[in-house]
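Observations on chain architecture
The lines below spell out each chain.
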Amino acid sequence: MATETTTRQEQAPRTLVVGLGVSGLATARYLAARGVPLAVTDSREQPPGLEQLSRELPDVALFTGGFDQQAFAAAQRLVVSPGIALGTPIIQEAIARGAEVIGDVELFLREARAPVIAITGSNGKSTVTTLLGEMAVSAGIRAGVGGNLGKPVLELLDNEVELYILELSSFQLETTHSLKAQAAVILNLCEDHMDRYDSFADYVAAKRVVYHNAANAVINLDDEVAMVQADEVTNRIGFSLHAPHGDDYGVCMHQGVEWLCKGERLLMPASELLVAGRHNRANVLAALALGEAAGIPLGPMLQAARRFRGLAHRTQFVAEIDGVRWYNDSKGTNIGACIAALEGLHTHDGALTVLIAGGDCKGADFTELAEVLPRYVRTLVLIGRDAPAIARATAGVVETRMADDLRDAVGKCRASAMPGDRVLLSPACASFDMFENYLDRGEQFMRAVRSLPS
């Protein structure tokens, strides 16, 4: 056994895990269990996962507080965490000298034996991934669900799993080369992470990887940019919020009622969905199309869709106070997500939305948001570091108020909203300027709302 382990270690490339955190820790555990010689480096002095790594793998060389030149020079392979840009000079130097640069998803794909469903896009990834997982469970299929949400991919590996359902970010796809999905989807595309990409085209190119070598492509027929990324895939299934063509999924009218449908087949009244908003109808249709490509029976999928209550911090209903409904969409961290939430909640009855936005805008251009605000928004309440920049970009289109913090913003929304209106936290920005993460932001918002006197 010792000889076998030694041989395996000699054959395995010396690997440097770049970036700790959840995925880095899972990667270190995975490599150590397979006898791969490894080290770990992180630019932070006290990265998340440091204590667990030191306790579980005390013999692994660890370099924190900066990227160690010698550690990089000794490595034949880098496993780079999604939060670290491949353009980092020391990583570019490693690439130039011939080191292999991959991510944890690539390691996963080299070992996974069950079919993979790959889900990416600017918005809706977590909702579709979770719902499709529930559809699989409803059909009695043992599914491994995770990736960019929930469990890191390497912790999903299990010979008993029959189907892997993965949410994949553009950052993860940058370091993935062996993906051959049973079905893949780019749900939608809008500007995001422009602080990391040189252009929108570069961001789109990173997403496009999800369709490489896919057996089936699910395409959003309402998003021209996303749709054309799948041109290389022969087998395609479309979804749309309009009446479908052929055998695609869509929304149609029947006896004055909106139905989800597949071609001419009526599936369920849209009103039976518990999740709010037109964007969530699109998410359900995308999950149905992916499930079809994965061989999940339609009946159990529709049962799961009827039961699905959505995810926390995604257009989540919080309370109704004095005729005003309050929604938490803290996960709306880009402009496209914010617009989708505004459109999805719009009721065409004269009521409007009081919108809380702001935070770290990640270099985004808010011109697109300025164009739609007059249609949906009564008052824009801004918080966070980039509130002044957003105010300049949206100047004059709707009433705008600046708030000192989230509690102050909730108070200003209470004063602005009229009975029948909605108040929506959908920041179109990252949260790290004021909060630990979007979860913390959403929880603080809900506490502030629930503390309001009625």
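Scope of this entry: the structure provided in the associated data block. (Residues numbered from 1 in each chain as written. Predicted model: local features only at pLDDT ≥ 70, side-chain atom pairs only at ≥ 80, totals over all residues. Heavy atoms only, no water.)

1. Brief notes about a negative patch on the surface
- There is a patch of like negative charges on the surface, built from Glu191, Asp365, Glu368 and Glu371.
- With respect to the helices, strands and loops of the structure, Glu371 is situated in helix α14 (residues 367-376). (Patch = residues over 30% accessible without salt bridge, like charges linked within 9 Å, V, L, I, M, F, W, Y side chains within 5 Å. Areas by Shrake-Rupley, 256 points an atom, 1.4 Å probe, with all protein chains shown as cover. Salt bridge = Lys/Arg side-chain N within 4 Å of Asp/Glu carboxyl O. Lys, Arg positive; Asp, Glu negative; His and termini not counted. Charge placed at Lys NZ, Arg CZ, Asp CG, Glu CD. Helix = DSSP H or I, 4+ residues; strand = E, 2+ residues; numbered from the N terminus.)

2. Observations regarding the environment of Ala226
- Its place among the elements puts Ala226 in helix α10 (residues 224-228).
- With relative accessibility at 0%, the residue Ala226 sits in the buried group.
- Apart from the residues within four sequence positions on either side, Ala226 is in contact with Ile186, Asn188, Leu189 and Tyr211. (Buried < 20%, exposed > 50% of the residue type's maximum accessible area, 1.4 Å probe, protein only. Contact = heavy atoms within 4.5 Å.)

3. Quick look at empty space enclosed by the protein
- As enumerated under the stated definition, the model contains one cavity of 30 Å³ or more in all.
- Computed from the structure, the largest cavity encloses a volume of approximately 50 Å³.
- Residue lining of the largest cavity: Glu191, Asp192, His193, Met194, Thr333, Asn334, Ile335, Cys361, Lys362, Ala364 and Ala428, and that is the complete set.
- For the lining of the largest cavity, a count of residues per class yields five nonpolar, three polar and three charged. (1 Å grid on protein atoms, 1.4 Å probe; cavity = no way out; pocket = protein on both sides within 12 Å on 5 of 7 lines; lining within 4 Å. Points joined across faces, edges and corners; volume = space filled by probe spheres on them. Nonpolar A, V, L, I, M, F, W, Y, C, P; charged D, E, K, R; others polar.)

4. Topic: the sheet that holds strand β20 (residues 422-425)
- Spatially, six strands are ordered β15-β16-β20-β17-β18-β19 in an open sheet, and the strand pairing comes out mixed. The sheet is open, and its two edges are formed by β15 (316-321) and β19 (399-402), each paired on a single side. The mean inter-strand angle of the sheet, taken between neighbouring strand axes irrespective of direction, is 20 degrees.
- Of the strands in this sheet, β17 (353-357) and β18 (377-382) are in contact with α14, which crosses β18 at around 130 degrees. (Pairing = 2+ DSSP bridges. Axes fitted to C-alpha atoms, helices over the stretch in contact; angles between N-to-C directions.)

5. Points about the packing of aromatic side chains
- What the rule picks out here adds up to seven aromatic pairs.
- For the ring pair Phe67 and Phe72, a centre distance of 5.7 Å and an interplane angle of 65 degrees mean the geometry is edge-to-face.
- When its relative accessible area of 23% is taken as the criterion, Phe67 is described as partly exposed.
- Since its relative accessible area comes to 3%, Phe72 is described here as buried.
- On the basis of an interplanar angle of 45 degrees and a centroid distance of 6.3 Å, the ring pair of Trp326 and Phe445 is categorised as tilted. Of this pair, Trp326 sits in strand β16 (residues 324-328) while Phe445 sits in helix α17 (residues 438-450), and the two are 119 residues apart along the sequence. The same class applies to Trp326 as to Phe445, namely buried.
- Three or more aromatic residues link up through ring pairs in this structure, and these residues are Phe171, Tyr197, Phe200 and Tyr203.
- The ring of Phe171 is capped by Arg196, whose NZ or CZ atom sits 3.6 Å from the centre of that ring. (Phe/Tyr/Trp six-rings, centres within 6.5 Å; stacked < 30°, edge-to-face > 60°. Lys NZ or Arg CZ within 6 Å of the ring centre and 35° of its normal.)

6. Section: the side chain of Asp223
- Examined against the element boundaries, Asp223 turns out to sit in the loop between β10 (217-220) and α10.
- One buried charged side chain, Asp223, makes no salt bridge at all; its nearest oppositely charged neighbour is Lys207, positioned 11 Å away.
- A polar contact is formed between the side chain of Asp223 and the backbone nitrogen of Ala226, at a distance of 3.0 Å.
- Not counting the four nearest positions on each side in its chain, Asp223 is found in contact with Asn188 and Leu189. (Polar contact = N/O pair within 3.5 Å; in protein donor to acceptor, adjacent residues only side chain to side chain.)

7. Describing the pattern of salt bridges
- By the definition in use, this model includes 21 salt bridges.
- Between Glu174 and Arg196 there is a salt bridge, with its nearest N and O atoms 3.7 Å apart. Note that Glu174 is positioned in helix α8 (residues 170-174) and Arg196 in the loop between β9 (183-186) and α9 (200-208), a separation of 22 residues in sequence.
- By relative accessible area, which is 22% here, Glu174 ends up partly exposed.
- Note that Arg236 is salt-bridged to Asp231, the shortest N-O span being 3.4 Å.
- On the basis of relative accessible area, Arg236 is assigned to the partly exposed category, the value being 41%.
- One network of salt bridges, with partners in common, ties together Arg29, Glu56 and Glu155.

8. As for the packing of helix α7 (residues 125-138) against helix α12 (residues 298-307)
- Across the interface, α7 lies against α12 with an axial gap of 8 Å and an inter-helix angle of 130 degrees. The angle between α7 and α12 places the two elements in the oblique class. Between α7 and α12 lies a crossing whose hand is right-handed. Along its contact with α7, which presents Leu131, Glu134, Met135 and Ser138, the element α12 presents Pro300, Met301, Gln303, Ala304, Ala305 and Arg307. (Parallel < 35°, antiparallel > 145°, perpendicular 65-115°, else oblique. Left-handed = near helix turned anticlockwise from the far one by under 90°.)

9. Considering the sheet that holds strand β3 (residues 61-64)
- Ordered by their spatial adjacency, five strands build an open sheet running β3-β2-β1-β4-β5, and the pairing between neighbours is parallel. Lying at the two open borders of the sheet, with one neighbouring strand each, are β3 and β5 (100-102). Across this sheet, the average inter-strand angle for adjacent strands is 20 degrees, counted without regard to direction.
- Examined bridge by bridge, strand β4 (residues 77-80) and β5 share three bridges and lie parallel to one another. Note that in β5 the partner of Leu78 across the bridge is Val101.

10. A word on the packing of helix α11 (residues 278-294) against α12
- Contact pair α11 / α12: the axes reach a minimum separation of 10 Å and the direction vectors enclose 155 degrees. In this view, α11 runs roughly antiparallel relative to α12, as classed from their interaxial angle. In this structure, α11 meets α12 at a crossing whose hand is right-handed. Across the interface between the two elements, Val284, Ala287, Leu288, Gly291 and Glu292 of α11 pack against Leu298, Met301, Leu302 and Ala305 of α12.
- Residues that form the contact of α11 with α12 fall into these classes: seven nonpolar, one polar and one charged.

Keep in mind these numbers describe shape, not what the thing actually does.
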